[in-house]
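Each chain, written out:
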Amino acid sequence: MLNDKIEHYKKTKTELKNTPAHYKKEFEWLKEVDSLALANVQQNLRAAYNKFFKQGAGFPKFKKKGIKDSYTTNNQKGTVAITDSTVKLPKIGHIKARLPSKINGLIKSATISRTPSGKYYVSLLVETIATTLPKTHSNIGIDLGLTDFIVLSDGSKVANPKFLSKLQDKLAREQKILAKRRAVAKANQRKLSDSRNYQKQKLKVAKVYERITNCRKDFLHKLSFTLIKNHDVIAVEDLNVKGMVKNRKLSKAISDSSWSTFAAMLNYKAEWYGKEVVKVDRWYPSSKTCSGCGHLLTKAELPLQVRSWNCPSCQQKHDRDINASINILNEGLRLATLKTVGTTGLA
Ligand SMILES: [Zn+2]
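Now for a look at the structure at hand. (Residues numbered from 1 in each chain as written. Predicted model: local features only at pLDDT ≥ 70, side-chain atom pairs only at ≥ 80, totals over all residues. Heavy atoms only, no water.)

Quick notes on the coordination of the zinc ion
Item 1. Taken together, C290 (SG), C293 (SG), C311 (SG) and C314 (SG) make up the full set of protein donors to the zinc ion, lying 2.3 to 2.4 Å away.
Item 2. In this structure, the zinc ion is coordinated by 4 donor atoms arranged in tetrahedral fashion, with angles at the metal of 107 to 113 degrees.
Item 3. If you list the donors of the zinc ion from N- to C-terminus, the spacing comes out as C-x2-C-x17-C-x2-C.
Item 4. Accessibility expressed as a relative area gives 39% for C293, which makes it partly exposed. (Donors = N, O, S within 2.8 Å, 3.2 Å for Na, K, Ca; no water. Tetrahedral: all angles 85-135°; square planar, octahedral: opposite > 155°, others 65-115°. Buried < 20%, exposed > 50% of the residue type's maximum accessible area, 1.4 Å probe, protein only.)

A look at the side chain of E174
Item 1. Position of E174 relative to the elements: it lies in helix 3 (residues 162-187).
Item 2. If we ignore the near neighbours within four places in the chain, the residues touching E174 are Q201, K204, V205 and V208. (Helix = DSSP H or I, 4+ residues; strand = E, 2+ residues; numbered from the N terminus. Contact = heavy atoms within 4.5 Å.)

Looking at the pattern of salt bridges
Item 1. Considering all chains together, one arrives at 12 salt bridges under this definition.
Item 2. Notably, a salt bridge pairs D321 with R307, separated by 2.8 Å at the nearest N-O pair. Here D321, found in helix 8 (residues 320-346), pairs with R307, found in the loop between strand 11 (276-280) and strand 12 (308-310); they are 14 residues apart in sequence, far enough to count as distant.
Item 3. Residue R307 is classed as partly exposed on the basis of its relative accessible area, which comes to 31%.
Item 4. We note a salt bridge from R334 to E331, for which the minimum N-O separation is 2.9 Å. (Salt bridge = Lys/Arg side-chain N within 4 Å of Asp/Glu carboxyl O.)

Things to note about a nonpolar patch on the surface
Item 1. Judged by side-chain polarity, F27, W29 and V33 come together as a nonpolar surface patch covering roughly 270 Å² of accessible area.
Item 2. As for its placement among the helices and strands, V33 is situated in the loop between helix 1 (2-12) and helix 2 (35-54). (Patch = residues over 30% accessible without salt bridge, like charges linked within 9 Å, V, L, I, M, F, W, Y side chains within 5 Å. Areas by Shrake-Rupley, 256 points an atom, 1.4 Å probe, with all protein chains shown as cover.)

Some words on the sheet that holds strand 7 (residues 139-144)
Item 1. The strand order 9-8-7-10-11 describes an open sheet built from 5 strands, whose pairing is mixed. Strands with a single pairing partner mark the edges of an open sheet, and in this sheet they are strand 9 (157-158) and strand 11.
Item 2. Looking at chain direction, strand 7 and strand 10 (residues 233-237) are connected through 4 bridges and run parallel. Looking across to strand 10, one finds that I142 is bridged to V236. (Pairing = 2+ DSSP bridges.)

Listed below in structure tokens is the structure:
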């Protein structure tokens, strides 16, 4: 469909409106496939096309097999359902599955995907009523740590989990072996697809990689939920990840600890559970301001390696990151009040 769209566009500079039905005669096997899966592909393609035409996004690309194989189907009156140990999918029927504790709500759609290590997952989109969490009358500021994952305005620091760095070491070792096997195959003038040792190792690497991704996600989910549960206003720095890659201090911290995933989790969970995430401008001098008296240090007075300092004005001793998170909290609360006043004023 994409290819026909491309050819049509080259000739006419307009969009070809083709549907999967047009192809079923030529490609018999399309009839074996769940028709909603095809309809969803068509929708995705149209969305990508609209983005290209109307919003000036890049031209839609072909999807490569084996990188991120998945399809989405919709629930039509029970065509997608779950039991204690199976998931039911259109055209396939019940498949054994390990499911989490009870799923409450109406299943809208299911996305079935296969990871590079060969595992299959089903992700269910469920419509449900979110119950807000009780107010705690506690607020918190979060600073992105340099050595820790995050530093909080209540003085606590959350380190990156140890098992993650252990797994990362393991990944590095397995990747080294993979590189060696690639070199051996090349020296023997063998295709990588024919080299069994290489393929075996590739699978091993994929498994370790997946384990890291899953562990990290688990860590981020638990941490973001705890923060949302225990606090009403959560103030964070509005970090522009693209801009930050230029910043040597932060680029490593970000790539290592998936800060942007974490920030996204905080945002949607706050919305679900009736809490508030306030973003503080990233140019706000949270590190250089004394949280006690407001004295502002110059850049030269607070180089990166200085982890703690004494305020020249009020003599208070500061841990660099904790002081920053307190400032983020105060600025966040100021912005939150402004917002409340602003909306009341309008009403
Ligand atoms: Zn001070």
